[in-house]
Number of protein chains: 2
Amino acid sequence: MGIRLQTVPEPKYRHLKTVIGEALDHEFRVGEVLPNERELAARFGVARATLRQALEQLELEGRLQRRRGVGTTVAPPRVGVEVGSENWPGAPCDPWQARDAHRALPPTAVAELLGTGDEPVHVLTRVRLDEALPVATELLYVPAASVPGLSAIDAAGGAARARAVLRELGHLGPEGEDRAVELGSAGAEDARRLDRLPGSPVLLVTTRFFAEGATAAVSVATYRADTCRLTFGADGAGVEIAPACQAS
Amino acid sequence: MGIRLQTVPEPKYRHLKTVIGEALDHEFRVGEVLPNERELAARFGVARATLRQALEQLELEGRLQRRRGVGTTVAPPRVGVEVGSENWPGAPCDPWQARDAHRALPPTAVAELLGTGDEPVHVLTRVRLDEALPVATELLYVPAASVPGLSAIDAAGGAARARAVLRELGHLGPEGEDRAVELGSAGAEDARRLDRLPGSPVLLVTTRFFAEGATAAVSVATYRADTCRLTFGADGAGVEIAPACQAS
DNA sequence: GAGTGGTCTAGACCACTGA
DNA sequence: CAGTGGTCTAGACCACTCA
C-alpha cells in the first residue's frame, strides 16, 4: 500500500482551526472582532460546538481572546514577562505589588519546601501588572524565621503589613533561587484577580528563595497562559540584560 | 443585600471537577482506571459532554490520563525535567537524542533570532526521554557559520549528520543562553512523537545559545504539558545541583 | 433589551485498543 | 470483536456586557 499519508480524514475542528488561523494572519488585524460564533458556525457549515473546539485551541495558543457578552477578538502577541532574573522579594526592582498579608498554615507541598513543620507562616498576596493589566498573582510564603525583625503579632494588617515583611526580607543576603514551571488551571480566586474565567489555563511558577543556608521564602505565582510568555534572561556575556529598573 | 457569596450557582462541570478531584486523592491510586465516561456521566446524572469538560480540566492539570480505546487512568505526579542548566548542545551531558538533520529555511521568527537572513540552516530533530518515555521534541536550528568545520554538503544524512553538527557545536565556547516558556498546542508531527493527540497542550521552550558574540543556535522545544514540570536549577550556593551526568 | 460567549443535553457515529 | 475515548450535531437556556 505504500506510505499512508492520510489514512483518516482530519477532524473538522482541526481543519477549521487551520483555516481560521490563516485568516487571522491575512485578513484580520490585532483587536479586530470576529463574527459571532453562531454566524461563523453557519458560515463553515458546522455545529456551534465544533466551531468552539477550534476557537478554544486558538485561544489556548494566544491567537484569540474571547469575552462573554462582548465577542471574540484577535489577540495581540504575548507579552514577554521576565521571570529568570526576577529580583529578590522586597528588592527595589521587584515587579510585584503587595496587596495583603496574613498568617496561615501553608499547603503541605509548600510546607515541605520551607521545612517548617506545622508552623504558620506569613502569606503575602501580590499582583504583577503589565501596562496596568494583571498578568499574574502570587502567594508568597515567608516563615517567621526569615523575618526576625518583625514583631510577632503586629496589628498592622493588609498591604502595610505585607510591605513590612518584604522590607525585612530585603535585608537578608540572597544566595540564589530555584524555579519550576508547569501548566495549571486558574482557581476561582486567581481567575477573578486575573480577569479570566475559572479553569483558564495558567502557568504555575514555583520559586524557592535561598538565604543564609536556608529556604527564606517560597513563591507560587500564577501567570495568565494566554497573554504571557515567560522569559529567562541571558546568564552569559555579550547580551543585554534589562538595564536599571525604572521607578513606576 | 449584604455580601454576595454565591450569586450564581457553580457550573456543573466545575463542581464535578472538584468532586472527582477529591475522589482521586482519597479513593484511587496512581495508575488505577476510572469507570468509563458513559458510566461516570450516568452516575453523576449529567450528559457525557459535561462530564468530559470536567475530565478535560483534570487532564490539563496532570491528574488524569486518557487514552482512546483504553480508558481513563489516574496520572502519576509530573516528572521534573531540568531545563535551566540544560547543557550546551553536543556537550557530554546533553539530555537530547539526535534523530535527524537536514538543511532548510527556518521559520521567519527563528530567522530573526538567528540573524541569518534568507539563508538555509541546519535543522536537527531531537527527542528527550525520561524513563524511556518521550517528554519533549526539539527542532534545533544551527546556522552554517556556527559549524565551520562541517563540509558544506555532506552526503551523510539523518542521525549521523546530526551528530556531526553537534560535535562541531560542542567545540564552540559557550557564552550563555536565553530562554522563553509559553503555552502551545501540539502540531501533528510533535503529537505523534510525543504519543499524544494533535492539539494537546504543550510547553514551548525557545532557547537562544550564544557563543563568540553571536547566536550560535536556536532551539524550539515542545514539552508534554500533562506530564512535565520544567525545573530551573538553583544558581546560588548551598543547594545541590544535579551531580555528574551519567552515561546512558 | 439585544447580542455575545458559556453551559448543558441527548443523542449519533467514528477511530483506536486489546483480548 | 467489544469497549474505550474522540468527534459531531442541533438544539436549549443562562450569565454577562453594553448601548
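Above this text is the structure in question.
Read on for a plain summary of the structure. Just so you know, these numbers come straight off a predicted model, no measurement behind them.

## Some points on the overall build of chain A
Argument step 1. Within chain A one finds 6 helices and 10 strands.
Argument step 2. Considering chain A as a whole, with its 248 residues, one finds that 45% of them fall into the buried category.
Argument step 3. Long-range pairs, those at least 24 residues apart, make up 62% of the contacts in chain A between residues at least 6 apart in sequence.
Argument step 4. Looking at chain A as shown, the accessible area adds up to about 13000 Å², and 54% of this sits on carbon and sulfur atoms.

## As for helix α3 (residues 48-60) of chain A
Argument step 1. Its 13 residues give α3(A) an end-to-end C-alpha distance of 18 Å, which sits within 8% of 18 Å, the value for a rise of 1.5 Å per residue.
Argument step 2. All of the buried residues in α3(A) are Leu51(A), Ala54(A), Leu55(A), Gln57(A), Leu58(A), Glu59(A) and Leu60(A).
Argument step 3. On the buried face of α3(A), the contacting elements are α1 (12-27), α2 (37-44), β1 (64-67) and β8 (201-211) of chain A together with β7 (174-185) and β8 (201-211) of chain B.
Argument step 4. Just downstream of α3(A) lies Gly62(A), where phi reads positive at about 80 degrees.

## A short note on the pairing of β1(A)
All names here are of chain A.
Argument step 1. Because side chains alternate across β1, one face comprises the buried residues Leu64 and Arg66, and the other comprises Gln65 and Arg67, none of which is buried.
Argument step 2. Sheet topology note: the β1/strand β2 (residues 71-74) ladder contains 4 bridges and is antiparallel. Within β2, the residue paired with Leu64 across the bridge is Val74.
Argument step 3. Counting the residues in the hairpin turn of β1 and β2 gives 3 residues, including Gly69, whose phi is positive at 80 degrees.

## Section: unusual backbone geometry
All names here are of chain A.
Argument step 1. For Glu131, which is not a glycine, the phi torsion comes out positive at approximately 55 degrees.
Argument step 2. With respect to the helices and strands, Glu131 occurs in the loop between β5 (121-130) and β6 (133-142).
Argument step 3. The backbone of Glu212 sits at a positive phi, close to 50 degrees, despite the residue not being glycine.
Argument step 4. Residue position: Glu212 is located in the loop between β8 and β9 (214-224).
Argument step 5. The exposed category is assigned to Glu212, whose relative accessible area is 57%.

## So, the interface of chain B and chain A
Argument step 1. Each partner contributes residues to the interface: chain B has 35 residues there, and chain A has 35 residues.
Argument step 2. Summed over both partners, the interface of chain B with chain A comes to about 2900 Å²; 55% of that surface belongs to carbon and sulfur atoms.
Argument step 3. Put simply, chain B and chain A have 2 salt bridges between them.
Argument step 4. Note that Glu182(B) and Arg78(A) form a salt bridge whose closest N and O atoms lie 2.7 Å from each other.
Argument step 5. In this assembly, chain B and chain A are joined by 12 residue pairs in polar contact (both at pLDDT 80 or more).
Argument step 6. Broken down by secondary-structure element, the contributors of at least two residues to the side of chain B that touches chain A are α1 (12-27), α3 (48-60), β7, β8 and β10 (228-232) of chain B.
Argument step 7. Tallying contributions element by element places β7(B) first for the side of chain B that touches chain A, with 11 residues.

## Observations regarding the packing of aromatic side chains
All names here are of chain A.
Argument step 1. Counted by the stated rule, this structure contains 5 aromatic pairs over all chains.
Argument step 2. Both rings, one in Trp96 and one in Tyr223, keep their centres 6.1 Å apart while their planes meet at 70 degrees; by these two values the pair is edge-to-face. Here Trp96, found in strand β4 (residues 96-104), pairs with Tyr223, found in strand β9; they are 127 residues apart in sequence, far enough to count as distant. Neither Trp96 nor Tyr223 differs from the other in exposure class; each is buried.

## With respect to the protein's contact with DNA strand C
Argument step 1. The environment of DNA strand C is formed by 27 residues, the closest being Asn36(A), Arg48(A), Lys12(B), Tyr13(B) and Thr50(B).
Argument step 2. Within 4 Å of the protein, the contacting atoms of DNA strand C are drawn from sugar and phosphate to the extent of 68%.
Argument step 3. One of the backbone N or O atoms of Lys12(B) is found 2.2 Å from a phosphate oxygen in DNA strand C.
Argument step 4. Contributions of two or more residues to the surface near DNA strand C are made by α2, α3, β1 and β2 of chain A together with α1 and α3 of chain B.
Argument step 5. Looking at the surface near DNA strand C, the element that brings in the most residues is α3(B), giving 4 residues.
Argument step 6. Taken together, the residues of the surface near DNA strand C sort by class into 9 nonpolar, 7 polar and 11 charged.

## Description of the relation of the copies chain B and chain A
Argument step 1. Mapping chain B onto chain A calls for a screw motion: a turn of 180 degrees about the axis and a shift of 0.0 Å along it, with 0.0 Å RMSD after fitting. Expressed as an axis order, the relation between the two copies is that of a two-fold axis.
Argument step 2. By residue overlap, the copies meet face to face through one surface: 100% of the interface positions of chain B are interface positions in chain A.

## A short note on the protein's contact with DNA strand D
Argument step 1. Close to DNA strand D lie 27 residues, the nearest being Lys12(A), Tyr13(A), Thr50(A), Asn36(B) and Arg48(B).
Argument step 2. Sugar plus phosphate: this is where 68% of the atoms of DNA strand D within 4 Å of the protein reside.
Argument step 3. Residue Asn36(B) places a side-chain N or O atom 2.7 Å away from a phosphate oxygen belonging to DNA strand D.
Argument step 4. Separating a phosphate oxygen of DNA strand D from a backbone N or O atom of Glu37(B) is a distance of 2.9 Å.
Argument step 5. Ranked by the residues each element gives to the surface near DNA strand D, the list is headed by α3(A), at 4 residues.

## Quick notes on the packing of α2(A) against α3(A)
Residue and element names in this part refer to chain A.
Argument step 1. For the pair α2 and α3, interaxial distance at closest approach is 9 Å and the crossing angle is 105 degrees. Our classification of the angle between α2 and α3 gives roughly perpendicular. In this structure, α2 contributes Glu37, Arg38, Leu40, Ala41 and Phe44 to the contact, and α3 contributes Arg48, Leu51, Arg52 and Leu55.
Argument step 2. Class assignment for the residues of the contact of α2 with α3 results in 5 nonpolar, no polar and 4 charged.

Analysis parameters
Residues numbered from 1 in each chain as written. Chains lettered and ligands numbered in written order. Predicted model: local features only at pLDDT ≥ 70, side-chain atom pairs only at ≥ 80, totals over all residues. Heavy atoms only, no water. Helix = DSSP H or I, 4+ residues; strand = E, 2+ residues; numbered from the N terminus. Buried < 20%, exposed > 50% of the residue type's maximum accessible area, 1.4 Å probe, protein only. Contact = heavy atoms within 4.5 Å. Areas by Shrake-Rupley, 256 points an atom, 1.4 Å probe, with all protein chains shown as cover. Expected span 1.5 Å × (residues − 1). Pairing = 2+ DSSP bridges. Buried area = accessible area lost by both parts, 1.4 Å probe. Salt bridge = Lys/Arg side-chain N within 4 Å of Asp/Glu carboxyl O. Polar contact = N/O pair within 3.5 Å; in protein donor to acceptor, adjacent residues only side chain to side chain. Phe/Tyr/Trp six-rings, centres within 6.5 Å; stacked < 30°, edge-to-face > 60°. Near = heavy atom within 4 Å. Nonpolar A, V, L, I, M, F, W, Y, C, P; charged D, E, K, R; others polar. Least-squares fit on C-alpha atoms with pLDDT ≥ 70 in both. Axes fitted to C-alpha atoms, helices over the stretch in contact; angles between N-to-C directions. Parallel < 35°, antiparallel > 145°, perpendicular 65-115°, else oblique.

Coordinates in, geometry out; function isn't part of it.
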